[in-house]
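Chains, contacts and geometry: an overview
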Amino acid sequence: MKIKSQRDFASGIMFLAVGLAFAIGATTYSFGNSARPGPGYFPLLLGIILCILGAIVLFTSLTIESEGGAPIGDLAFKPLGLILGAVALFGFLLPVAGLVVAVPVLIWVASLAGDEYHWKGTLIMCVVLTFFSWLVFVKGLALTIPVLPPALG
Amino acid sequence: MDLLHNLSIGFGVALNFTNLAYAFFGCVLGTLIGVLPGLGPVATIAMLLPSIYSLDATPALIMLAGIYYGAQYGGSTTAILINVPGESSSVVTAIDGYQMARQGRAGAALATAGLGSFFAGCVGTIILAAFAPPLTELAFKFGPAEYFSLMVLGLIGAVVLASGSLIKAISMIILGLLIGQINTDVISGTPRYSFDIPELTDGINFVAIAMGVFGFGEIIANLGRPPEHREVFTKAVGGMLPSKEEFKKAWPAVVRGTGLGSILGILPGGGALLASFAAYTLEKKIASDSSRFGKGDIRGVAGPESANNAGAQTSFIPMLTLGIPPNAVMALMVGAMTIKGIQPGPQVMTSNPDLFWGLIASMWIGNLMLVILNLPLIGIWIKLLTVPYRYLYPAILTFCCIGLFTLNNNNFDVFSGVLFGVIGYVFYKLHCEPAPLLLGFILGPMMEENLRRALLLSRGDWSTFLTRPLSAGLLAGAVAMIVVVTLPAIKSKREEAFQEVD
């Protein structure tokens, strides 16, 4: 059995696994019956359908030819990690240290994900965007977003 | 004639200075909210509650209506410019609109969206004014079984939105439906799949998914490509208006979208939302040359935008006559009406004609204001797109992150965004289309509710979906669509239309 399409193979496994997970989870809720469907009714049905579909995708990935084996290609770990890491850091820092810390950190880490790192441009962006965000969201729209770290605020 | 008389009452009310001022304020605020991705209705409502309760009913409702439309216009703007659909109804606009922006046609896309929406708004207002009573009758015929079948039809139609394998698209829809199951069951009150995390009992926020999959995923994918292949916005940004040729192609789509949207919007609940998906499907099916759909076909922007605006107009009918709001802003309108002692119901038209017709007239005025507000802004938006990507993407990230936080003043939504960013990248790598997943996610809870209600009403008899004529017709349409798409002749045309451009 040769994998004819890498992408579809992985997709099939993904759908199968997720469908199974949801279906198993659904059995912990009461199923009810046709006349009085319970909370587990719809998720179990859907989970089973997804498993079946996932199996079909898996099957086609092993049998139907695709050009070049439909490779998944390289995973862009650097941008993935840096961008999402930046966002996660932001999420962590905002309530703890306020806007003035969270936004510059976000911008700085995110700009490391680009090809070239220009520290001057990044610095200017940090300042401009932090100020602009404060202006629009805190002053302009009067939203309660922590701006300064508790020690200073 | 009754219609003219009613409209004249309406304009008489709407054109006084206070109401105009409130309409304008609502439109501006709405546009701002729509454009800033993530800033949701919850934040708006929190800001406005104090002022609403002190206002009279008519100005309050006029302002809320302005916010509602403004948000629609603004949401289309971000969908086109940065591929982040701010509102659920702009998910479809993002598909072709963003591609047009990438090719330097952002101005044309934005202008088409604006003008198409305005046209639809005008027509929608007239339909609303002329046909409100008989349309309410039609809405009454739709029971839970019909709703369920309509949504099945809508979801099947959504696979046309996907450019890859049909079966993977359907799987994505089911996946979306499943993710929508992470919430508290409406009928029994049981929290499902919440793993004891309190934030999950209300379900994952749509914006977190949209931002993660479309916004973050796009940025990561873009940065991950080698520099020569990177698809940033072209420097050669076109003019602000659509070309003659584009205009010729677009205006029939606008008319079709308006018609479809007007009909679908009457259905209480998600009618206006379904309208944009249905319009896209329609355009693609009847297009003589459908190869450009998904790559920047102006009809893919014109049709859905007109449909969702027409639908937004006509969705006021069930809102006012049946008291069923399709979203949070409208829910506030129903609340405001109740507080002012106006009971939403069929008699609102006759007992409070000033309010009803004044609201309708001011909707048209609001649409006009929005077009006037937004068209000049297009020039500014286009300028923004020429900024080098390395400055653009951190700015986009900042607004997305703050937006996510302000959804619930909780960083849980930011982390959800991160999770969906990873998931979005996985989908991109595996060539699984995210748009059907979003549709499934949005429609999931409604579908389930209607399914269960239909079964409850029929005492567990599944054939109720086939024995009720309207429902049977809708399901037959869904089956027909699957058949048409899988027929060999259409299949090869479809595959040829979706040559993977990677």
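This structure is a prediction, so every number in the text was calculated from the model and none was measured.

1. Remarks on the overall build of chain B
Helix and strand counts for chain B stand at 22 helices and 0 strands. Within chain B, buried positions represent 60% of all 502 residues. Sequence separation of at least 24 residues holds for 81% of the intrachain contacts in chain B that already meet a minimum separation of 6.

2. As for the overall build of chain A
The helix and strand inventory of chain A stands at 5 helices and 2 strands. Summarising its shape, the C-alpha atoms of chain A cover approximately 60 × 50 × 25 Å along the three principal directions. By residue count, 42% of the 153 residues in chain A fall in the buried class. Of all intrachain contacts in chain A linking residues separated by at least 6 positions in sequence, the fraction that spans at least 24 positions is 63%.

3. Things to note about the confidence of the model for chain B
When pLDDT is averaged across chain B, the result is 76; 78% of the residues are at 70 or more. Both scores are given for the predicted complex: the pTM is 0.75, the ipTM 0.86.

4. Digging into unusual backbone geometry
All names here are of chain B. Even without being a glycine, His431 presents a positive backbone phi close to 60 degrees. Relative to the assigned elements, His431 resides in the loop between helix H18 (412–430) and helix H19 (434–457). Given 20 C-beta atoms within 10 Å, His431 falls into the buried group.

5. Let's talk about helix H9 (residues 206–224) of chain B
Residues and elements named next belong to chain B. Here H9 is 19 residues long and its end C-alpha atoms lie 26 Å apart, about the 27 Å a rise of 1.5 Å per residue gives. By the largest-angle criterion, Gly217 marks the main kink of H9, which is about 35 degrees. H9 sits mainly inside the fold: 16 of its 19 residues count as buried.

6. Section: the environment of Gly30(B)
Residue and element names in this part refer to chain B. Relative to the helices and strands, Gly30 is located in helix H2 (residues 17–35). Judged by local crowding, Gly30 falls into the buried class, with 27 C-beta atoms found within 10 Å. C-alpha separation for the pair Gly30 and Ile67, spaced 37 residues apart in sequence, amounts to 3.8 Å. Ignoring any residue separated from it by four or fewer positions in sequence, one finds Gly30 in contact with Gly66, Ile67, Tyr68, Tyr69, Gly70, Ala71 and Gly74.

7. Thoughts on the nonpolar core
The biggest cluster of nonpolar side chains holds 192 residues, and the ones touching the most others in it are Ile83(A), Val87(A), Phe90(A), Leu106(A), Leu61(B), Leu397(B) and Cys401(B). Among the elements that make up this core, the one with the highest residue count is helix H4 (residues 57–82) of chain B (16 residues). Here this core spans two domains, since at least three of its residues come from each of domain 1 (6–69) and domain 2 (77–140) of chain A.

8. Looking at the interface of chain B and chain A
Contacts between the two partners involve 53 residues from chain B, matched on the other side by 59 residues from chain A. Within the residue set of the side of chain B that touches chain A, elements represented by two or more residues are helix H3 (41–54), helix H8 (166–179), H9, helix H17 (389–408), H18 and H19 of chain B. At 10 residues, H17(B) tops the list of elements feeding residues into the side of chain B that touches chain A. When grouped by side-chain class, the residues that make up the side of chain B that touches chain A number 32 nonpolar, 13 polar and 8 charged.

9. A look at the environment of Ser89(B)
Within the secondary structure, Ser89(B) is located in the loop between H4 and helix H5 (91–102). Remark: the alpha-carbon pair of Ser89(B) and Glu283(B), spanning 194 residues in sequence, is separated by 17 Å.

10. What to know about H18(B)
Between the first and last C-alpha of H18(B) there are 27 Å, a value that for 19 residues agrees with the 27 Å anticipated at 1.5 Å per step. Once H18(B) finishes, His431(B) follows within two positions and takes phi at roughly 60 degrees, a positive value.

11. Some points on the packing of H2(B) against H4(B)
All names here are of chain B. Contact geometry of H2 with H4 gives a least axis separation of 6 Å together with a crossing angle of 30 degrees. By the criterion of interaxial angle, the relationship of H2 to H4 is roughly parallel. The handedness of the crossing between H2 and H4 is right-handed. Of the residues that constitute the contact of H2 with H4, the class distribution is 19 nonpolar, 14 polar and no charged.

12. Let's talk about the packing of H17(B) against H18(B)
Residues and elements named next belong to chain B. The N-to-C vectors of H17 and H18 enclose an angle of 130 degrees; their axes lie 7 Å apart at closest approach. Taken as axis vectors, H17 and H18 run oblique relative to one another. Between H17 and H18, the contacting residues are Cys401, Leu404, Phe405, Leu407 and Asn408 on the first element and Asp413, Val414 and Gly417 on the second. Split by residue class, the contact of H17 with H18 holds 5 nonpolar, 2 polar and 1 charged.

13. Examining the environment of Leu175(B)
Take Leu175(B): it is sitting in helix H8. C-beta crowding within 10 Å serves as the criterion here: with 27 such atoms nearby, Leu175(B) is assigned to the buried category.

Cut-offs and rules
Residues numbered from 1 in each chain as written. Chains lettered and ligands numbered in written order. Predicted model: local features only at pLDDT ≥ 70, side-chain atom pairs only at ≥ 80, totals over all residues. Helix = DSSP H or I, 4+ residues; strand = E, 2+ residues; numbered from the N terminus. Buried ≥ 20, exposed ≤ 12 C-beta atoms within 10 Å, placed from the backbone. Contact = placed C-beta atoms within 7 Å. pLDDT = per-residue confidence, 0-100. Expected span 1.5 Å × (residues − 1). Bend = angle between axes of the 7 residues up to and from the residue. Core = buried A, V, L, I, M, F, W, Y, C linked by C-beta atoms within 7 Å. Domains from an automatic or database assignment. Nonpolar A, V, L, I, M, F, W, Y, C, P; charged D, E, K, R; others polar. Axes fitted to C-alpha atoms, helices over the stretch in contact; angles between N-to-C directions. Parallel < 35°, antiparallel > 145°, perpendicular 65-115°, else oblique. Left-handed = near helix turned anticlockwise from the far one by under 90°.

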